[in-house]
Amino acid sequence: MMNRRMPGGWLRARAMALLAGALLAGTSPAGVAHAAPHGRRATPQPGPQAPAMLYGLPAACLSHVITAPLLTNSGSPVVPATFNDTAGLAYLSVTQDEIGVYGAVGKEFPVESVVNIRTIVGQDTTYATTLHTLRITNGVANDVAALLIGATVPHIGTQPVMGVIGYDVLGNYDLLLYFPKRRLVMFMPGHRTACPPQAEWLGTDSMGMPLLANAMGHMTGVLMQVGDQAVRMEIEPGADMSSLSRRDAKTLGLTPAMLHEDMHVRTNAGKILNGRRHHFDHVTLGGWHDLALDVNVEKTSYSILAMNFLRRRRVLLAFPQNMLFLTPQLDAPDDRGQATHGMLSTRTAIARMVDTPPPLPVPMPVPDGVGVRTLLQPDTPPSTTGAQPAAP
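Residues numbered from 1 in each chain as written. Predicted model: local features only at pLDDT ≥ 70, side-chain atom pairs only at ≥ 80, totals over all residues. Heavy atoms only, no water.

K.L.:
Give a detailed account of the overall build of the protein, specifying residues and quantitative values.
P.N.:
When helices and strands are counted, the protein shows 5 helices and 28 strands. Put simply, the protein has 392 residues, and 47% of those count as buried. Sequence separation of 24 or more characterises 66% of the internal contacts of the protein that already satisfy a separation of 6 or more. About 19600 Å² of surface is accessible on the protein, with carbon and sulfur atoms providing 57% of the total. (Helix = DSSP H or I, 4+ residues; strand = E, 2+ residues; numbered from the N terminus. Buried < 20%, exposed > 50% of the residue type's maximum accessible area, 1.4 Å probe, protein only. Contact = heavy atoms within 4.5 Å. Areas by Shrake-Rupley, 256 points an atom, 1.4 Å probe, with all protein chains shown as cover.)

K.L.:
Could you give an account of the nonpolar core, with specific residues and numbers?
P.N.:
Grouped together as the largest cluster of nonpolar side chains are 65 residues, with contacts concentrated most on Phe83, Ile99, Ile165, Met224, Leu244, Leu285 and Leu317. In terms of residues, this core owes the most to one element, strand E21 (residues 288-298), which gives 5 residues. One finds Tyr178, Phe187, Trp201 and Leu202 within the second-largest nonpolar core, a separate group that totals 16 residues. (Core = buried A, V, L, I, M, F, W, Y, C linked by side-chain atoms within 4.5 Å.)

K.L.:
Quick one: what's the story with the environment of Ala141, residue by residue and with numbers?
P.N.:
Along the chain, Ala141 turns up in strand E9 (residues 139-150). In sequence terms Ala141 and Gln377 are 236 residues apart; their C-alpha atoms lie 6.2 Å from each other. Contacts of Ala141, omitting those with residues within four sequence positions, involve His132, Thr133, Leu134, Thr374, Leu375 and Leu376.

K.L.:
Pulling in residues and values, what's your account of the pairing of strand E17 (residues 229-235)?
P.N.:
Pairing of strand E16 (residues 219-226) with E17 involves 6 bridges; the strand directions are antiparallel. Within E17, the position partnered with Val222 by the bridge is Met233. Bridging between E17 and strand E22 (residues 304-305) involves 2 bridges; their strand directions are parallel. The residue of E22 that forms the bridge with Ile235 is Leu305. (Pairing = 2+ DSSP bridges.)

K.L.:
I'd like a description of the packing of aromatic side chains, backed by residues and values.
P.N.:
A ring pair, where both rings are aromatic, is described by two values, the distance of the centres and the angle of the planes. In the structure shown here, the tally under the stated rule is 3 aromatic pairs. Aromatic pair Tyr55 and Tyr178: ring centres 6.3 Å apart, planes at 75°, arrangement edge-to-face. Taken together, the positions of Tyr55 in the loop between strand E1 (52-54) and strand E2 (57-58) and Tyr178 in strand E12 (residues 174-178) put the pair 123 residues apart, joining distant regions of the chain. Per residue, the accessibility class of Tyr55 equals that of Tyr178, and both read buried. Sitting over the face of the ring of Phe309, Arg313 holds its NZ or CZ atom 4.1 Å from the ring centroid. (Phe/Tyr/Trp six-rings, centres within 6.5 Å; stacked < 30°, edge-to-face > 60°. Lys NZ or Arg CZ within 6 Å of the ring centre and 35° of its normal.)

K.L.:
Go over the state of the cysteines with me, naming the residues and quoting the values.
P.N.:
Here is the idea: a disulfide is a covalent bond, and it sits between the sulfur atoms of two cysteines. Taken as a whole and judged by the stated rule, the model has 1 disulfide. Across a sulfur-sulfur distance of 2.1 Å, Cys61 and Cys195 are joined as a disulfide pair. The disulfide joining Cys61 to Cys195 has a torsion of about -110° about its S-S bond and is therefore left-handed. Of this pair, Cys61 sits in the loop between E2 and strand E3 (62-69) while Cys195 is found in the loop between strand E13 (183-189) and strand E14 (207-210), placing the two residues 134 residues apart along the sequence. For Cys195, a relative accessible area of 18% gives the class buried. (Disulfide = S-S within 2.5 Å.)

K.L.:
Help me get a handle on the pairing of strand E20 (residues 272-285), residues and values and all.
P.N.:
Pairing analysis gives 3 bridges linking E16 to E20, with the strands arranged antiparallel. When the sheet's bridge partners are listed, Met224 is paired in E20 with Leu285. The pairing of strand E19 (residues 263-268) with E20 spans 6 bridges and is antiparallel. Opposite Val265, over in E20, you have Gly275 as the bridge partner.

Printed below as a string of structure tokens:
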């Protein structure tokens, strides 16, 4: 039998072909597999990982994160909270300056001084006190300055409403009110170079507009325009119905004759307010035009943009950056609850300070840019129930 020998040139060409094939498999785009020698397939290379998201926000760009469920989506949203040793609920209010507490004077909370305040219905007095411990889920603060706002503790179902979380806490944070998923996320933005601009965080259909300072320097207001006239509106999730003061209604061109044709309404704001409900079809807020908005026109000391506008949106109050970001209102079934069915609207007891007590010592280091004094310290990791990969 004769042995056949392959020409040396053919062997060299075959070796070069195999080497080229191996190199090609090693440099192929991720996810593309090429045949390897001996019939084996190359392992697909993983592509870049999508960034983890927390309720639609880039998780890697958040720090000091505190999350809590929003337990109601009508009237005033509430969150689980513990005041001292009592677990219950707390309202959220942007225009409440300090923490407001419900309790008997001198019993649950010691009286420290008399304080003059301004509520939406006018001037009043109350008492300054100290809340020894405040907890919202995984965030806790000690020795918190507070105001007594009611001697009777209200209840929602069987749970006591302990008080109102105000700007003294909320103003430290970027505050996401994710009403469709009923979730509160409080955080401080990180400063990683890979983080997208904050204006992009809520999506391409969102809108951003600057927050305006009030007389105390709190960034709580926005400019609302109707026609050629504009008025300041306070952002207020602590009320179920937007409201115009009579002065602002006059600025926007509403006359007594026009209001006489509108529906009569009553608002429980600590005392009953009588007013008229007016409908606008061409409101401008930031870059959005021709918005529809119902407002109660009442004898109040300022105007508010409330839950009838905020519900079914994602609302990002970026207090340290002096910005408000909003998404369009979802087209969803009526979820207002009993508070706004009929003629009676509701509003939490909101206290704006006239006399400001001296600030208390801060018990922990305060990050740069934090200008208000009650900072919740996360003592456990935040809930990751809403963590999910980015949408494709």
